[in-house]
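# Remarks on the overall topology
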There are 4 protein chains.
Amino acid sequence: MLELLKKEILLANQGLEKYDLVTFTWGNVSGYDPSSGNIVIKPSGVPYEKLNITDMVVVSLDGTIVEGSLKPSSDTPTHIELYKAFPGVRGIVHTHSDWGTAWAQAGKGIPCAGTTQADYFYGEIPCTRRLTKEEIETDYEKCTGDVIIETFKDINPLEVPGVVVHGHAPFAWGQSPASALHNAVVLEKTAKMTFLSHQLAGNEQPEVLDDYVLNKHYERKHGKNAYYGQS
Amino acid sequence: MLELLKKEILLANQGLEKYDLVTFTWGNVSGYDPSSGNIVIKPSGVPYEKLNITDMVVVSLDGTIVEGSLKPSSDTPTHIELYKAFPGVRGIVHTHSDWGTAWAQAGKGIPCAGTTQADYFYGEIPCTRRLTKEEIETDYEKCTGDVIIETFKDINPLEVPGVVVHGHAPFAWGQSPASALHNAVVLEKTAKMTFLSHQLAGNEQPEVLDDYVLNKHYERKHGKNAYYGQS
Amino acid sequence: MLELLKKEILLANQGLEKYDLVTFTWGNVSGYDPSSGNIVIKPSGVPYEKLNITDMVVVSLDGTIVEGSLKPSSDTPTHIELYKAFPGVRGIVHTHSDWGTAWAQAGKGIPCAGTTQADYFYGEIPCTRRLTKEEIETDYEKCTGDVIIETFKDINPLEVPGVVVHGHAPFAWGQSPASALHNAVVLEKTAKMTFLSHQLAGNEQPEVLDDYVLNKHYERKHGKNAYYGQS
Amino acid sequence: MLELLKKEILLANQGLEKYDLVTFTWGNVSGYDPSSGNIVIKPSGVPYEKLNITDMVVVSLDGTIVEGSLKPSSDTPTHIELYKAFPGVRGIVHTHSDWGTAWAQAGKGIPCAGTTQADYFYGEIPCTRRLTKEEIETDYEKCTGDVIIETFKDINPLEVPGVVVHGHAPFAWGQSPASALHNAVVLEKTAKMTFLSHQLAGNEQPEVLDDYVLNKHYERKHGKNAYYGQS
């Protein structure tokens, strides 16, 4: 079942290494199939170069394993919460990529300091609040999803397709697994560029893009009258 | 038509990846043919590894597509303005390379802090002013060209073959597409080196090269009595 | 003798290059065989790409060469002290990896600023005190081991499997040579991430992970009820 | 003539790319043959991948081209001055490597902050003074050599085999071309590590290695009783 989605998830997981977003098995990609209501996700702790299409795990939105002999990623409950709360999201990526994780560790969102970010994210990539002791100790991975959702209560997740989790690392998503991977790469690039530009500004009053530039760049790629690319 | 120039543009666009200046399709190279008055430019949003010579788009200086079935780069109006204003320029490169973009995001020109930059740029690589709301909303890409031209009103663009656009990213140019690519690489290298040397100086009173060293280095490569290289 | 362990040590030494932890011959891996009481270690100054299984040197815990025609790593006395003091350790890695060495040179331990470190290290990766003049001049490599052991007088070395030696560089260890290599890679990654997050915080009051997050992450990988991975 | 030395120089020049010390043709290696009193040096502006053994240029210590159809490196007069002033030096490397050049641009020597540097450099890698206007305008490349020699008036160049030239970039040397290349790699590595450790210290009172550690490390590799490696 879901052979096409499994193939997409396999490719996107392999893409984590291609784009230098992961060390060892520190990342995972999932995809959501709205017709069956199931997700396909990477098995836990399996190296990317050993992954086969038959290793992919199919899980329902209540967390039941529907198909697969391996355990799904330990982050599966986070993915599930996000799919339930964010309509239109069809792919989710989690990594510990170097520069994005640095912002997460600093407990700071990545401000939109340039058009590189504005082309894909409609503003700052936010940082969640810290999880409480109780959230950590009761249902950690589910609560990681919840705190992301809370962060997006006034933000459209399709317009800002990523986040850094306080003290942890980035999550990114999109309308397909490939698009989620794409956004994870953008997040890492812009995390690096904006780290550097903030250092140049001496960490004092770093530059943020004017709203009208943000609007223009986001709209020329994603708006009704988008004119970037061939379609 | 313009087969030779198309070949040069194809090679220079592939060079963006070779020199690690681009992620995805975040960069483009064009070339200008003075005899026909046309430019050849990369099509919009096409990955470099899929580019063929027949994908190159020929555009006249009034923006009309003269040949090609694909849409030209969305930055084409910027390229056109620069060719019209900067006599002698035959190639233009635009990238979102990491270190150059950091300076653009910080809204700062790259001071000439060493001979590496002085060998190719006769002084600081300037940063443009911010575009106004009106410029962004009316004719964004053309105005990006205009603000670069304004920045060079007292600078010879053949002596300082590059710029960082405020909140955006670098443009570089040269007397051929290959030379424009070369200058884009130098801009990125010197953006990194001078970021680092400014950090060492604690962002206070960073070093700038003495004028007489700048003159010497620029002249030994580009002056009348240049003595670098084999010719 | 010890053919299996020699093979593991050869592979782990080659892994130093694969994971970009070494320049020239600036690193070495050893393994301990509790049944014979001997260790297997890289020969001194031999490039990784020229290493053969027969080059591995077998040394007893009193420092006698038991087998091998080459001189063992000059750091052998440090390895020996650690094996004698840290029960359960079966592999040790020493490198001069860039980011870990930067912390060592700064004389600072790597605080646990995120879950990436918490997944493998139960808290800060400590920095030793400086060695005294007498320690340096009498039995330098042995004293390097002693100062590490002193640093761990209140830390369980199996829970914090690494250290940076003041003014020198990292050591990491584990319950096998492969695990020691793994921990050396984690140390280098987290040294980079936490360098970056501290810079973002302006070196003032950098973030440290809450204890309950540290506990949770360490336990979900290493605790009694660990649920990461397939076993 | 000097076929063996030409081969060494060819290999060492190719090594500049292997060790990621150069962009384009921004670096050169020479070697000195004491019996003939000639040097072999890279031709100016020729890409490393196109270099053949027959391209190497033989130059006498008075600057006369003894053999070769190509122009020697424009930095040849610097190399010549160093060979004349530094007895025992048989190879010289010049690069614009990123991190070393950052220190040169900052006008700062690289302090000996750790054993990585101490293993090869007996203390700080110094920075020259700025060249005067007159020096630049009369005999620039020769004066670059002179200012290096002036910097070493109280330093043994065989014990500190490298320097950063103010506002310019590193030079390194050794008792053979291969050893000069080796020292250029060490200089770049330690330039990076010490940049990072200084940032960690907030640029305030950065750590410097104690003299007795410096002595120990330098001596265990280069002293009379050296015990690193197999010989």
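The name an unreviewed UniProt entry assigns to chain A is L-ribulose-5-phosphate 4-epimerase, from the organism Salibacterium salarium. Regarding chain A, the relevant UniProt record gives this comment under Function (unreviewed entry): "Involved in the degradation of L-arabinose. Catalyzes the interconversion of L-ribulose 5-phosphate (LRu5P) and D-xylulose 5-phosphate (D-Xu5P) via a retroaldol/aldol mechanism (carbon-carbon bond cleavage analogous to a class II aldolase reaction)." Of the comments in the UniProt record for chain A, the one headed Catalytic activity (unreviewed entry) reads "L-ribulose 5-phosphate = D-xylulose 5-phosphate".

On to the overall build of chain A, then. Within chain A one finds 7 helices and 7 strands. Reading the helices (α) and strands (β) of chain A from amino to carboxyl end gives α-β-β-β-β-α-β-α-α-α-β-β-α-α. Taken against the 2.2 N^0.38 rule, which gives 17 Å for 231 residues, the C-alpha radius of gyration of chain A at 17 Å falls within 12% of a compact globule. Counting only residues that meet the buried cut, chain A has 63% of its 231 residues in that class. Sequence separation of 24 or more characterises 64% of the internal contacts of chain A that already satisfy a separation of 6 or more.

Moving on, we come to the packing of aromatic side chains. The final tally for this structure, using the stated rule, is 36 aromatic pairs over all chains. Geometrically, the ring pair formed by tyrosine 120 of chain A and tryptophan 26 of chain B is tilted, given 5.9 Å between the ring centres and 40° between the ring planes. Linking tyrosine 120 of chain A in the loop between α4 (115–118) and α5 (133–151) with tryptophan 26 of chain B in the loop between α1 (3–18) and β1 (27–33), this pair reaches from one chain into another. Here tyrosine 120 of chain A and tryptophan 26 of chain B have matching classes, each one buried. Among the aromatic side chains, those forming a connected cluster through ring pairs are Tyr19 and Tyr120 of chain A together with Phe24 and Trp26 of chain B. The positively charged end of lysine 221 of chain B is found above the aromatic ring belonging to tyrosine 228 of chain B, 4.0 Å away from the centroid.

The subject of this paragraph is the interface of chain D and chain B. Listed by partner, the interface residues are 37 residues for chain D and 35 residues for chain B. If you sort the residues of chain D by the area they bury against chain B, Phe24, Trp26 and Gln105 of chain D come out on top, with a joint share of 22%. Taken together, the connections running from chain D to chain B amount to 5 salt bridges. The partner of arginine 220 of chain B in a salt bridge is aspartate 75 of chain D, and the shortest N-O contact between them spans 3.6 Å. Our count for the contact surface shared by chain D and chain B stands at 20 residue pairs in polar contact (both at pLDDT 80 or more). Breaking the side of chain D that touches chain B down by element, the ones donating at least two residues are α3 (98–106), α5 (133–151) and α6 (177–200) of chain D.

Now for the relation of the copies chain D and chain B. In screw terms, the move from chain D to chain B is a rotation of 90° and a rise of 0.0 Å along the axis, fitting with an RMSD of 0.0 Å. Each copy turns onto its partner about a four-fold axis. Proximity to the rotation axis, assessed at the C-alpha, singles out glutamine 199 of chain D in chain D; its C-alpha lies 5.6 Å from the axis. An overlap of only 3% is found between the interface residues of chain D and their copies at the interface of chain B, pointing to separate contact surfaces.

Counting through the fold element by element, aspartate 75 of chain B comes out in the loop between β4 (65–67) and α2 (76–85). Taking the relative accessible area as the measure of exposure, aspartate 75 of chain B reaches 7% and is therefore buried.

So, how was this worked out
- Residues numbered from 1 in each chain as written.
- Chains lettered and ligands numbered in written order.
- Predicted model: local features only at pLDDT ≥ 70, side-chain atom pairs only at ≥ 80, totals over all residues.
- Heavy atoms only, no water.
- UniProt positions renumbered as here; feature names shortened; annotations may be inferred.
- Helix = DSSP H or I, 4+ residues; strand = E, 2+ residues; numbered from the N terminus.
- Rg over C-alpha atoms; globule rule 2.2 N^0.38 Å.
- Buried < 20%, exposed > 50% of the residue type's maximum accessible area, 1.4 Å probe, protein only.
- Contact = heavy atoms within 4.5 Å.
- Phe/Tyr/Trp six-rings, centres within 6.5 Å; stacked < 30°, edge-to-face > 60°.
- Lys NZ or Arg CZ within 6 Å of the ring centre and 35° of its normal.
- Buried area = accessible area lost by both parts, 1.4 Å probe.
- Salt bridge = Lys/Arg side-chain N within 4 Å of Asp/Glu carboxyl O.
- Polar contact = N/O pair within 3.5 Å; in protein donor to acceptor, adjacent residues only side chain to side chain.
- Least-squares fit on C-alpha atoms with pLDDT ≥ 70 in both.

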